[in-house]
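These are the residues of each chain, in order.
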Amino acid sequence: PHRGALRQRTAMPTAGAAGGADAPDEEEQKDHRPLDEGDIALLKTYGVGPYTKAIQSTQDDISKLMKAIEATIGIKESDTGLAPPSQWDLVQDKQMMQ
C-alpha cells in the first residue's frame, strides 16, 4: 500500500508537466523580436576585456613583423627536415650512397 502511494505521487507531476509544457513554448515564440543595432553591439562587447583591443592590435603587429622577417630571410621552414643548403655535405652524402 505504501509503495503504490509513492508511485501515484511521482506519476502525477510527470503527467501534469508534459501537458502544460506545450503552451509556454508557443507563447515564447510569439514574443520574439529581431535584434536591433543596440542589441548586436551589446553581444559584440560580451566577454571583451579592457585590454582586448590593445592585445589584438599587438598580435596583428607581430604577425606583420613575422611576415616581413620571413620575406627578408627568404627561406621558409619546411616539414621535410632538410637542413639549409649552407649546411649540406654533398661529398659525404655521395660516399654514403655508394
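Criteria and cut-off values
- Residues numbered from 1 in each chain as written.
- Predicted model: local features only at pLDDT ≥ 70, side-chain atom pairs only at ≥ 80, totals over all residues.
- Heavy atoms only, no water.
- Helix = DSSP H or I, 4+ residues; strand = E, 2+ residues; numbered from the N terminus.
- Buried < 20%, exposed > 50% of the residue type's maximum accessible area, 1.4 Å probe, protein only.
- Expected span 1.5 Å × (residues − 1).
- pLDDT = per-residue confidence, 0-100.
- Salt bridge = Lys/Arg side-chain N within 4 Å of Asp/Glu carboxyl O.

(A) How the structure looks around the overall build of the chain. Looking only at helices and strands, one finds 5 helices and 0 strands in the chain. In the chain, the succession of helices and strands from N to C terminus is α-α-α-α-α. Residues counted as buried form 0% of the 98 residues belonging to the chain.

(B) Examining helix 4 (residues 52-73) more closely. With 22 residues, helix 4 extends 31 Å from end C-alpha to end C-alpha; this agrees with the ideal 32 Å at 1.5 Å per step. Phi for glycine 74, located one or two positions after helix 4, is positive at around 85°.

(C) Expanded view of the confidence of the model for the chain. Of all residues in the chain, 64% attain a pLDDT of 70 or more, and the chain-wide mean is 75. Here helix 1 (residues 2-20) stands out as the element of the chain with the lowest mean pLDDT, 49, in contrast to helix 4, whose mean of 93 is the highest.

(D) Main features of the pattern of salt bridges. What the rule picks out here adds up to 1 salt bridge. Across the pair arginine 33 and aspartate 39 runs a salt bridge whose closest N-O atoms are separated by 3.6 Å.

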